[in-house]
Amino acid sequence: MSSSVLTPTGRLRGLRPDWLNNPKVWRTEILAGLVVALALIPEAISFSIIAGVDPAVGLFASFTMAVVISIVGGRRAMISAATGAIALVIAPLNREHGLGYLIAAVILAGIIQIALGALGVAKLMRFVPRSVMVGFVNALAILIFMAQVPEMHDVPWAVYPLIIGGLALMVFFPRITKVIPAPLVSIVILTVITVAAGIAVPTVGDKGELPSSLPVPGLPDVPFTMDTLTTIAPYAFAMALVGLMESLMTAKLVDDITDTHSSKTRESIGQGIANIVTGFFGGMGGCAMIGQTMINVKVSGARTRLSTFLAGVFLMVLCIVFGPVVSDIPMAALVAVMVMVAFATFDWHSIAPKTLKRMPAGEIAVMGITVIVVVATDNLAIGVVVGSVTAMIIFAKRVAHLARVHAVTDPDGSSVVYSVTGELFFASSNDLVGQFNYNDAPDRIIVDLSAAHIWDASSVAALDAIETKYEQRGKTVEIIGLNDPSADLHSKLTGELTSH
C-alpha cells in the first residue's frame, strides 16, 4: 500500500509507501539489517578466501551488491552479496590471471545478466516443478548447516556451550519479546560474555582483517583487447547463469514465504546492474544470498527494501567504525544463528511419513535427486538443472502412455475408424504407429484426432508413417477432427519429414 498527498496547488506530490509512517516497521527493518550485516562479515571474508582475494574484495562486493539491489532489484527484502557459488566460479580466473581479470569478468557478467533479463530468461522459472523447489530448499538447509561444521571442529571446548547457549536464546527469547530480533540478542550476549570473561575462542577477527575505508571506483587493471575478452568470457557467462539461477530461485522462495509477488525480470536486470557497479568498485561480484535472506525474512521478519539497503550500509559502518568491536564477536554466536536458520529453512513437512505416503514416487525421486546433486556438488544451480530435467523426463514418460488408439469397424467391413486420444509429442508418438492394424485393414481408414492434440514434428512424422504403411497396402487414409493448432502444424509439415 502507498499514499499520496496533494500540494496547495492541487498537484500530486508523489507516492509514499505506508510503511514509512510505521515506527514498528522501521524498527523491524533496521534491526534486521543490522543482524544480516553481522552475519555477512564472516561469510564475505570466507568467500574471499575461496576466490583467492583479499577479504576487503568480498566485503566491498557485499556492500555494493546489497545497496544497489535494494534499489534496482525486483524482490523486496532479499539479500544479495558475495556468495560461495560465485567465488567457486571465478576462483580459477583469479588464480591464473589475477584480480584485474576477475573484476573485468564481474562487469561482463553483469552485462550478460542484463541482456538475459531483457530477453526474458526469468520466464524459465515456470518450468521448475514444486518437487525441485522443495529439494532446493532442503538442500540449501543442509548446505547452511554443513558450512558451520568446520567452525565446530578442532576448536576450544568453550565453543560448544556458547553455541548451545546461542541456540537456547534464539528459541526462548521470542517468548519474552519479539521487539528485538533474537539473533541480535544472542550475538550481543555471547560477545559480552566472551570479552568480559576473557574466553579464548575463534572470533570474526580471526577470519581476516576488516577494511578501514570505503571502496573507490575505478576501471579493472587489464588490457582492453580481444584476448582479454576471450579469456574472461567463459567465466563471466558461467557467473551470470549461476548468479541468476540462485537469485531467481531465492526470489521465488521469498515469494512463497511472504505470500507476495516479485518481478523476476526486474530482479534479473537488477542483478546485472549490481554486479557492474560492484565490479567498478573492485568487488568480486555476487548474487542472492539464501542464508542471509532467510535471516532477514524468516527470522527477523523484514519485508521491505530498507532492510536490504541497511544491511549493506551497516556492513561498511561495522567494518570501518566498529571494526575492533566486530572483530571480537565469537564465531560461535554466528554459527548458532546459521544453525537456527538451517533448521527453520528445512521443509520438515516434506519428509514426514504422512507426506511421503501420499506423494507420487516420481516427485519424491525428483526431490531426493535435487538434494543429492546439490549436496554432492555444493552447487545449487547444478542441482536445480538436474532436478528439473529429471522431472521433465518422468513427466514425459508418464504422459507418453496416455495416448490411446481405439478402433471401431464399420458393420459392412468397408471402413474402420481409429479414435486417438491424448497428447501427441515425441514420447507418445513413438508408440502410436504400433497401435494400428495394417494387415487385415478394410479399404478405407479414418483416423479421428478429435480427442488428441499434435505438439511437435515427431507426431506429424508418426501420422505420415501410418498413412504410408496403409497406402503401401492399397488403402485410403483420411485424418479428421484436428483442432486448429494441430491442423496448422500438420499441414505445414506433413510429407516434408519422411521420404516415400
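Remember, it's a predicted structure, so these values are computed and weren't measured experimentally.

**Quick notes on the pattern of salt bridges**
Note on pairing: side chains with opposite charge can pair once their charged atoms come close. One pass over the structure, following the stated rule, counts six salt bridges. Taking the shortest distance from any N to any O, the salt bridge between Asp-488 and Lys-492 comes out at 3.4 Å. Of the two residues, Asp-488 and Lys-492 both sit in helix 19 (residues 484-493), four residues apart, roughly one turn of that helix. A relative accessible area of 40% places Asp-488 in the partly exposed class.

**So, the environment of Thr-409**
Residue position: Thr-409 is located in strand 5 (residues 404-409). Separated by 20 residues in the primary sequence, Thr-409 and Ser-429 place their C-alpha atoms 23 Å from one another.

**Observations concerning the sheet that holds strand 8 (residues 476-480)**
Taken together, the four strands give an open sheet; going across it, the order is 5-6-7-8, and neighbouring strands pair in mixed fashion. Looking at strand neighbours, the two that pair on one side only are strand 5 and strand 8, the edges of this open sheet. Between one strand and the next, the sheet's axes are offset by a mean angle of 20 degrees, whatever the strand orientation. Relative to strand 7 (residues 444-454), strand 6 (residues 415-424) runs parallel, the two being bridged by nine bridges. Residue pairing for strand 7: Glu-423 is matched across the bridge by His-453. Its contacts with the sheet place helix 18 (residues 457-471) against strand 6, strand 7 and strand 8, and it is angled at close to 170 degrees to strand 7. Across the sheet, helix 19 lies against strand 7 and strand 8, angled at about 120 degrees from strand 7, the strand it touches most.

**Topic: helix 8 (residues 226-258)**
Note that an α-helix has 3.6 residues per turn; residues three or four places apart therefore point the same way. Taking 1.5 Å per residue as the helical rise, helix 8 with its 33 residues ought to reach 48 Å, and the 46 Å between its terminal C-alpha atoms agrees with that figure. Within helix 8, the axis deviates most sharply at Ile-232, by approximately 40 degrees, and proline Pro-234 lies no more than four positions further along.

**Some words on the packing of helix 6 (residues 159-176) against helix 7 (residues 182-197)**
Between helix 6 and helix 7, whose axes approach to 9 Å, the crossing angle comes to 140 degrees. Between helix 6 and helix 7 lies a crossing whose hand is right-handed. Taking contact as the criterion, the partners of Leu-162, Gly-166, Leu-169, Met-170, Phe-173 and Pro-174 in helix 6 are, on helix 7, Ala-182, Pro-183, Val-185, Ser-186, Ile-189, Leu-190 and Thr-194. The residue inventory of the contact of helix 6 with helix 7, partitioned by class, reads 10 nonpolar, three polar and no charged.

Parameters at a glance
Residues numbered from 1 in each chain as written. Predicted model: local features only at pLDDT ≥ 70, side-chain atom pairs only at ≥ 80, totals over all residues. Heavy atoms only, no water. Salt bridge = Lys/Arg side-chain N within 4 Å of Asp/Glu carboxyl O. Helix = DSSP H or I, 4+ residues; strand = E, 2+ residues; numbered from the N terminus. Buried < 20%, exposed > 50% of the residue type's maximum accessible area, 1.4 Å probe, protein only. Pairing = 2+ DSSP bridges. Axes fitted to C-alpha atoms, helices over the stretch in contact; angles between N-to-C directions. Contact = heavy atoms within 4.5 Å. Expected span 1.5 Å × (residues − 1). Bend = angle between axes of the 7 residues up to and from the residue. Left-handed = near helix turned anticlockwise from the far one by under 90°. Nonpolar A, V, L, I, M, F, W, Y, C, P; charged D, E, K, R; others polar.

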